[in-house]
Amino acid sequence: MSVGLLSRALSALSVSRAASPQIASVSGVSAALTGSRGFMTSACECQNRSLWKQREKYTVRPIGMKKTGGRDYTGRIVTHGIGGGHKQRYRMIDFQRLRYEPGREDQPIVEKVVEVRYDPCRSADIALVAGGSRKRWIIATETMEAGDVIRSSSAIGRMAVLAKEGDSHPLGALPIGTLINNLELLPGRGAQYIRAAGTCGVLLRKVNGTAIVQLPSKHQIQVLETCVATVGRVSNVDHNKRIIGKAGRNRWLGIRPSSGRWQRKGGWAGRKIRRLPPIKSFVTPAQ
Amino acid sequence: MFNATVQRIRTPAFKITKSCKSKDCHSVLYMIPHGRRFLSTSSCLYGKILPRKKPRVVHEIAGLEPITYADRMHFVPGLAKPWFPPWDRGWKDPSHYTSPKLEDMPLHKDKTCYMFNQRTNVLEGVRQALWLSKSVIIKGLPAQILTLAEDPANQIENQDERVQDAIKNSRLWDTTEPRPPRERFCPSLLHRLLHLCGGLQVTCPELAKRILAEKYSLAATWRRGEDVFQVRGQNGLLLNSMTPVPVLAGEEQIQSTADQALETFYPIAPTIDLQCTHVYQEKNDTGFREGYPYPHAHTLFLMEMGNTPKLFPEQLRAKMVMFTFGNALARAQALYGKEPRVLEKPIVVQSVATNGRLFQFVVFQLNTTDLQSDSGVKNLVWVDEDQPLYDFAKVRPFIKKKVVKVPAGLSGYQPNTFKKFLALYLHGAA
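Residues numbered from 1 in each chain as written. Chains lettered and ligands numbered in written order. Predicted model: local features only at pLDDT ≥ 70, side-chain atom pairs only at ≥ 80, totals over all residues. Heavy atoms only, no water.

Quick word on the overall build of chain A
This is how the line gets drawn: By definition, any uninterrupted DSSP run of H or I lasting at least four residues is a helix, any uninterrupted run of E lasting at least two residues is a strand, and each is numbered from the N terminus. When accessible area is computed with a 1.4 Å probe and restricted to protein chains, residues below 20% of their type maximum are described as buried, those above 50% as exposed, and intermediate ones as partly exposed. By definition, residues are in contact when any of their heavy atoms lie within 4.5 Å. Note that accessible areas follow from Shrake-Rupley with a 1.4 Å probe, and for residues the cover is restricted to the protein chains shown.
When helices and strands are tallied, chain A shows three helices and 13 strands. The 287 residues of chain A split such that 31% are buried. Long-range contacts, defined as pairs at least 24 residues apart, comprise 59% of the intrachain contacts of chain A with a sequence gap of at least 6. Accessible surface, chain A as shown: approximately 17,700 Å² in total, 55% of it carbon and sulfur.

Overview of the pairing of strand β10 (residues 358-368) of chain B
All names here are of chain B. Quick note on the threshold: Strand pairing is assigned whenever DSSP detects at least two bridges linking the two strands.
Most of β10 sits inside the fold, with 11 of its 11 residues counted as buried. Judged from the nine bridges that link them, strand β9 (residues 342-354) and β10 form a sheet pairing that is antiparallel. By the bridge assignment, V349 is partnered in β10 with F364. Between β9 and β10, which pair antiparallel one after the other, the connecting turn spans three residues, and G356 there sits at a positive phi close to 105 degrees. With seven bridges joining them, β10 and strand β11 (residues 379-388) adopt antiparallel strand pairing. For Q365, the partnering residue across the bridge sits in β11 and is L380.

Comments concerning unusual backbone geometry
A cis amide bond links Y266(B) with the next residue in sequence, P267(B), at an omega value of 5 degrees. Here P267(B) lies in the loop between α7 (251-256) and β7 (275-279). Unlike most non-glycine residues, I194(A) shows phi in positive territory, near 55 degrees. The topology assignment puts I194(A) in the loop between β8 (179-181) and β9 (201-207).

Quick look at the packing of helix α5 (residues 159-171) of chain B against helix α6 (residues 182-198) of chain B
All names here are of chain B. To keep it simple, the criterion reads: Between N-to-C directions, angles cover 0 to 180 degrees, with each direction set by a line fitted to C-alpha atoms, over the stretch in contact for helices. Working rule for angles: under 35 degrees goes down as roughly parallel, over 145 as roughly antiparallel, 65 to 115 as roughly perpendicular, anything else as oblique. In this scheme the crossing of two helices becomes right-handed for a clockwise turn of the near helix relative to the far one and left-handed for an anticlockwise turn of less than a right angle. Lys, Arg, Asp and Glu make up the charged group, whereas Ala, Val, Leu, Ile, Met, Phe, Trp, Tyr, Cys and Pro make up the nonpolar group; the residues left over, Gly among them, are polar.
For the pair α5 and α6, the least separation of the axes is 9 Å and the interaxial angle reads 155 degrees. In this view, α5 runs roughly antiparallel relative to α6, as classed from their interaxial angle. Relative to α6, α5 is oriented so that their crossing is right-handed. Side by side, α5 and α6 meet where R162, V163, A166, I167, N169, S170 and R171 of the first sit next to F185, S188, L189, R192, L193 and L196 of the second. Class assignment for the residues of the contact of α5 with α6 results in seven nonpolar, three polar and three charged.

Concerning the pairing of strand β12 (residues 228-231) of chain A
Residue and element names in this part refer to chain A. Here strand β7 (residues 168-170) pairs with β12 via three bridges, running antiparallel. Its bridge partner being in β12, S168 is matched across the sheet by T230. As defined by bridge partners, β8 adjoins β12 across two bridges and the pair is classed as antiparallel. The residue bridging I180 from the neighbouring strand is V231, located in β12.

Structure follows, in structure tokens:
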């Protein structure tokens with residue numbers, strides 16, 4: 001029986017199409033489910049559930065989000081504890097501070113902070129900055145206020161730059177011991193580390209063409225000195241001191257209660273006191 | 001081996017929809033969602049369907065002609081996929097029209113043009129509008145209009161009473177619903193006030209030589225530095241008159257503006273928030289044809305109802321300044337041609353904007369069309385900001401802790417605001 005099924009399946013995929021269009025038309029099933037030539041091309045990527053995050057053009061306007069509830073495309077819960085919560089709109093944040101406006105690549109990037117506001121999608125506050133003819137959202141630093149002027153530069157001089165909070169410079173230009181945030185691992189990739197509220201990394205030392213940074217978890221990493229980072233601590237410094245107060249507030253944040261069943265904890269649980277792992281280097285030898 | 005094969009096909013079977021019966025499925029592909037077969041052991045045991053990998057990218061190499069299976073009329077593994085040109089209908093069908101790409105459009109130009117339209121919400125407000133129109137601001141209305149406002153001979157009889165009646169009509173007595181929406185009471189109030197002012201035609205026959213126009217399309221183009229700017233749009237009501245509005249500033253005041261510097265706001269460029277486009281037409285159009293009996297634009301009435309992007313008072317004043325400037329510039333270019341020059345007879349256009357309660361007054365005097373450079377004679381703008389006509393017009397009283405904070409009905413009426421409104425209306429006629 002199985003061999004028969006297999007052979008019929010393989011025959012449906014064959015070049016001669018005597019049987020398959022009839023099958024498709026008789027049972028009224030769409031071409032996607034039969035073996036006929038109409039393959040789905042990019043239908044998977046055009047799903048309505050992820051259409052809201054497939055916008056290529058940058059905009060300052062907040063975008064409506066679709067909540068997933070921790071479920072994936074099969075409909076099953078992949079991550080527990082997510083669901084409900086207040087409706088949120090996503091504001092596209094520009095993590096690459098050194099993004100030049102088309103037509104003004106030769107001029108230094110100087111921007112003015114228009115507004116600092118709360119972002120429902122992250123713990124840090126965000127700042128609307130305007131420079132030239134464009135506006136963009138960036139992660140705000142601790143003492144950023146409306147009206148400040150911030151600079152982003154890619155120059156590494158022989159002397160270290162006097163670091164002003166909110167400005168972004170390559171690591172090679174900053175004096176050691178500065179507090180930094182929004183660190184990128186590869187030059188031009190965009191900030192991926194140290195973005196949460198109140199966090200800051202420390203520039204420990206500069207070696208050859210690389211710099212060693214201590215992350216908020218006390219891990220140390222080695223990155224190229226041309227990687228750009230912002231100076232200062234991330235805004236909303238008292239975020240970890242907040243008290244949720246009631247179960248309802250957690251539900252407003254979209255956190256569902258965990259399973260109440262008592263489960264024996266294994267070797268993963270409990271405090272571990274270990275030495276720090278060795279410095280992770282993101283500098284490939286070819287560079 | 002066959003048992004394993006059976007397992008592979010059966011395990012995802014729980015995902016089959018109820019309508020699909022096994023008897024009708026002649027092909028095993030009916031039973032598997034997405035129509036794909038997965039013959040790897042790990043995914044079959046759990047029924048998990050791994051996502052499809054993206055097809056490999058085929059690069060085009062210039063000079064090399066790919067061998068395709070177009071001649072064979074069927075897919076042949078190893079040959080390239082043929083590319084056929086898109087089908088052309090041959091005739092123009094209006095219901096199936098695809099517009100060409102921006103670069104192929106006939107009006108496409110390399111140089112960008114910055115457009116100010118009725119949806120523009122400028123970041124820097126009036127300062128940006130002043131830089132764009134090369135003007136200098138003076139706070140408060142000019143002296144001639146203020147004397148017109150204070151002159152008792154120009155008042156309507158029972159003026160305060162009739163204005164308060166107009167407000168109550170539009171805010172309180174218009175509908176049976178709890179509150180009329182702003183889109184309803186704002187135009188209604190403005191039309192009632194204009195009707196009141198129009199009633200003075202009996203004493204002042206010059207006022208009859210005016211007409212109100214709505215939804216006219218304005219277009220004005222000018223160059224500032226290396227950029228081209230345009231004002232376009234259908235906005236508000238325009239009061240046209242047969243005679244031009246008299247000039248407000250004297251010659252020495254105009255010449256003294258040449259010494260004042262234009263305010264810039266580094267690091268923000270003056271072109272921020274303007275629509276930047278490559279497809280445009282350099283048009284200068286007042287909105288009315290040649291030979292129109294009321295050619296001179298007198299006052300522009302703008303209504304801020306919060307539906308097209310909601311504008312704060314600062315941005316609303318910027319929009320007023322830009323559109324009055326556009327009207328004046330279009331008129332100047334219609335009268336004196338496109339050559340940039342300093343005008344001997346400056347053109348004055350007024351503007352009133354309201355959101356139903358607050359009134360903004362702007363008077364713009366165009367002294368020069370030479371806007372290329374930042375130096376030289378500049379235009380003049382008089383701005384009177386945020387004049388409330390009344391404080392509250394509530395249908396139901398606002399009560400906090402059993403104390404009436406704001407009573408029902410009209411409260412906080414300011415007579416001066418309507419006097420200024422009337423003065424702007426009468427300017428040029430009385």
